[in-house]
Amino acid sequence: MSIRLYIGNLPKEVMERQELQEVFKEEGDSVTTKLITDRKTGKCRGFGFVTVKNDEQADQIIEKYNGHQFRETPLKIEKALPRAKKGESENAEAEPKPVSKNNTSKNKKSRRDKDKGGSSKTSSSPSSSGNDAVQPDPRWADALAELKQRLAASTNS
């Protein structure tokens, strides 16, 4: 079973896969490299991948080459995340994505929904349907608790 390793912090001046392959030549022919380049300019996008035969070899390469100086920049090496398949949609049965701090509005339509001009109904994700699943932002938790107390006091009177 082959293992893919992410190679980050590559200099933009790297133009060919062979330059990256030279770094790992001590590991033998079982190591293959792939340099990710910009489609328009052909320049390196700053990362690539190395494929090795097994987990043991992957761990050895990570330990040996993580922080290795390549053209005066330290490489960042870690196991690559699995690729999403091309036919997979975002709404497929998968674990819910964590809510980012920047996305504060849950009722915003996506660009795709706006372009379709469909109904104005928004679907709620399974993670936001229950009150237990939604936690208040810790920065505002005290203010929220105070508001709840005021609301409870005003409804009781």
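Here's a quick rundown of the structure.

## Focus: the nonpolar core
- With 20 residues, the main nonpolar core has Leu-5, Ile-7, Leu-10, Phe-24, Val-52 and Ile-77 as its most contacted residues.
- Counting residues per element, the ones that place at least two in this core are strand S1 (3-8), helix H1 (17-23), strand S3 (44-52) and helix H2 (55-65).
- Sort the elements by how many residues they give to this core and H2 lands first, with 4 residues.

## So, a positive patch on the surface
- There is a patch of like positive charges on the surface, built from Arg-4, Lys-12, Lys-34, Arg-39, Arg-45, Arg-83 and Lys-86.
- Relative to the assigned elements, Arg-45 resides in strand S3.
- Of the residues examined, Arg-45 reaches a relative accessible area of 47% and is grouped as partly exposed.

## Some words on the side chain of Glu-27
- Along the chain, Glu-27 falls in the loop between H1 and strand S2 (32-37).
- Within polar-contact distance, the side chain of Glu-27 engages the side chain of Lys-64 at 3.4 Å.

## Observations concerning helix H4 (residues 141-156)
- Taking 1.5 Å as the rise per residue, H4 with 16 residues should run 22 Å; its terminal C-alpha atoms sit 23 Å apart, in good agreement.
- Counting buried residues along H4, only 0 of its 16 residues qualify, which leaves the element largely exposed.

## Notes on the sheet that holds strand S6 (residues 76-79)
- Judged by pairing direction, the sheet is antiparallel, and its 4 strands sit side by side in the order S2-S3-S1-S6 without closing on themselves. One side of each edge strand has no neighbouring strand; the edge strands of this open sheet are S2 and S6. Averaged over all neighbouring strand pairs, the angle between strand axes comes to 25 degrees, with direction disregarded.
- Relative to S3, S2 runs antiparallel, the two being bridged by 5 bridges. Bridge pairing in S3 places Leu-35 opposite Gly-48.

Calculation rules
Residues numbered from 1 in each chain as written. Predicted model: local features only at pLDDT ≥ 70, side-chain atom pairs only at ≥ 80, totals over all residues. Heavy atoms only, no water. Core = buried A, V, L, I, M, F, W, Y, C linked by side-chain atoms within 4.5 Å. Buried < 20%, exposed > 50% of the residue type's maximum accessible area, 1.4 Å probe, protein only. Helix = DSSP H or I, 4+ residues; strand = E, 2+ residues; numbered from the N terminus. Patch = residues over 30% accessible without salt bridge, like charges linked within 9 Å, V, L, I, M, F, W, Y side chains within 5 Å. Areas by Shrake-Rupley, 256 points an atom, 1.4 Å probe, with all protein chains shown as cover. Salt bridge = Lys/Arg side-chain N within 4 Å of Asp/Glu carboxyl O. Lys, Arg positive; Asp, Glu negative; His and termini not counted. Charge placed at Lys NZ, Arg CZ, Asp CG, Glu CD. Polar contact = N/O pair within 3.5 Å; in protein donor to acceptor, adjacent residues only side chain to side chain. Expected span 1.5 Å × (residues − 1). Pairing = 2+ DSSP bridges. Axes fitted to C-alpha atoms, helices over the stretch in contact; angles between N-to-C directions.

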